[in-house]
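Summary of the model geometry
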Amino acid sequence: SSVPDTAGGIPVNVYNPSGKKRVVVTKPLPGDRWLEILVGAGIRVEVCALDGPGDTILTPAKIKTLIGPQCDGAIGQLTEAWGDELFSCLKAAGGQAYSNYAVGYNNVDTDAATKHGVAVGNTPGVLTETTAEIGAALTLSAARRIVEADTFMRDGKFLGWLPSLFVGKLLQGGTVGIIGAGRIGQAYARMMIEGH
């Protein structure tokens, strides 16, 4: 369980308050395995608890406030621009590592991280099946005209069943073309063929 606190006036939820090292997390993250690992390693974890309308994407100023005068590491989001300003601040606070809670890292200036001696990590591959499932859902939704039919119903236009009302396209026995057969494309193909 967490203890409410503040970091430079910003509300945070603190896990393992007596931890020897300090890691800040810019947004609450799903699951608890990551937290168990950090707490199990004796780390104090502070998760930003800002939830106002202007706090969906934290500004560099707010992230610097969260980092504060002492911080060993940070976990940030793909919506945050981690460049020279933030890596300089993290390093000055004693930071040694930054992890991007994302598959990619195009929001991370790796040259700036290297310049400041901050190791960078990300989470490659974790969204392969998830993204493929979204693709499969969109395919089925488009083929069966789900969004159009939903709007039609919500607008009160449905007066009764008709043989051709939002029939859509039958996919069974059809051919699906996939542009880009990388990890996600292959997972999507498996779902469309095998149904898993």
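No experiment lies behind these values; they were computed from the predicted model shown. (Residues numbered from 1 in each chain as written. Predicted model: local features only at pLDDT ≥ 70, side-chain atom pairs only at ≥ 80, totals over all residues. Heavy atoms only, no water.)

1. Examining the pairing of strand E3 (residues 21-25)
With respect to burial, E3 is a largely interior element, 4 of its 5 residues being buried. Sheet topology places E3 next to strand E4 (residues 43-48); 5 bridges connect them, and they run parallel. Looking at E4, one finds that Val 25 is bridged to Val 47. Between the parallel pair E3 and E4, the chain is carried across by helix H1 (residues 33-40), and the sense of this crossover is right-handed. (Buried < 20%, exposed > 50% of the residue type's maximum accessible area, 1.4 Å probe, protein only. Helix = DSSP H or I, 4+ residues; strand = E, 2+ residues; numbered from the N terminus. Pairing = 2+ DSSP bridges. Right-handed = clockwise from strand over helix to strand, strands pointing away.)

2. Notes on the sheet that holds E3
Reading across the sheet, the 7 strands line up as E1-E2-E4-E3-E5-E6-E7 and stay open at both edges, with mixed pairing between neighbours. The open sheet has two edge strands with one neighbour each: strand E1 (3-7) and strand E7 (119-121). Neighbour to neighbour, the strand axes of the sheet diverge by 25 degrees on average, direction disregarded. Direction of pairing for E1 relative to strand E2 (residues 10-15): antiparallel, over a ladder of 5 bridges. Following the sheet pairing, Val 3 is matched in E2 by Val 14. Each of E2, E3, E4 and strand E5 (73-77) touches H1; the most contacted strand, E4, lies at about 140 degrees to it. Those strands touched by helix H3 (residues 84-92) are E5, strand E6 (97-101) and E7, and its axis lies near 135 degrees from that of E6. (Axes fitted to C-alpha atoms, helices over the stretch in contact; angles between N-to-C directions. Contact = heavy atoms within 4.5 Å.)

3. Notes on a nonpolar patch on the surface
A contiguous nonpolar surface patch, about 400 Å² in accessible area, is contributed by Met 153, Phe 158 and Trp 161. Among the secondary structure elements, Met 153 is positioned in helix H6 (residues 146-154). (Patch = residues over 30% accessible without salt bridge, like charges linked within 9 Å, V, L, I, M, F, W, Y side chains within 5 Å. Areas by Shrake-Rupley, 256 points an atom, 1.4 Å probe, with all protein chains shown as cover. Salt bridge = Lys/Arg side-chain N within 4 Å of Asp/Glu carboxyl O.)

4. Notes on the packing of helix H5 (residues 128-143) against helix H7 (residues 183-194)
Orientation of H5 relative to H7, taken along the N-to-C sense of each, is 55 degrees, at an axis distance of 8 Å. It follows from the interaxial angle that H5 and H7 lie oblique. Like other packed secondary-structure pairs, H5 and H7 cross with a definite hand, here right-handed. Along the contact surface, H5 presents Thr 128, Glu 129, Thr 131, Ala 132, Glu 133, Gly 135, Ala 136 and Thr 139, while H7 presents Arg 183, Ile 184, Ala 187, Tyr 188, Arg 190, Met 191 and Met 192. Grouping the constituent residues of the contact of H5 with H7 by class yields 7 nonpolar, 4 polar and 4 charged. (Parallel < 35°, antiparallel > 145°, perpendicular 65-115°, else oblique. Left-handed = near helix turned anticlockwise from the far one by under 90°. Nonpolar A, V, L, I, M, F, W, Y, C, P; charged D, E, K, R; others polar.)

5. With respect to the packing of aromatic side chains
Within the structure shown, the criterion is met by 4 aromatic pairs. Ring geometry for Phe 152 against Phe 166: centres 5.0 Å apart, planes inclined by 65 degrees, an arrangement best described as edge-to-face. Of this pair, Phe 152 sits in helix H6 while Phe 166 sits in the loop between H6 and H7, and the two are 14 residues apart along the sequence. A residue is classified by how much of its surface remains accessible, and Phe 152, at 22% relative accessible area, is partly exposed. The class for Phe 166 is buried, based on a relative accessible area of 19%. Following the ring pairs from residue to residue traces out a cluster consisting of Trp 82, Phe 87 and Tyr 98. (Phe/Tyr/Trp six-rings, centres within 6.5 Å; stacked < 30°, edge-to-face > 60°.)

Distances and angles like these do not, on their own, reveal function.
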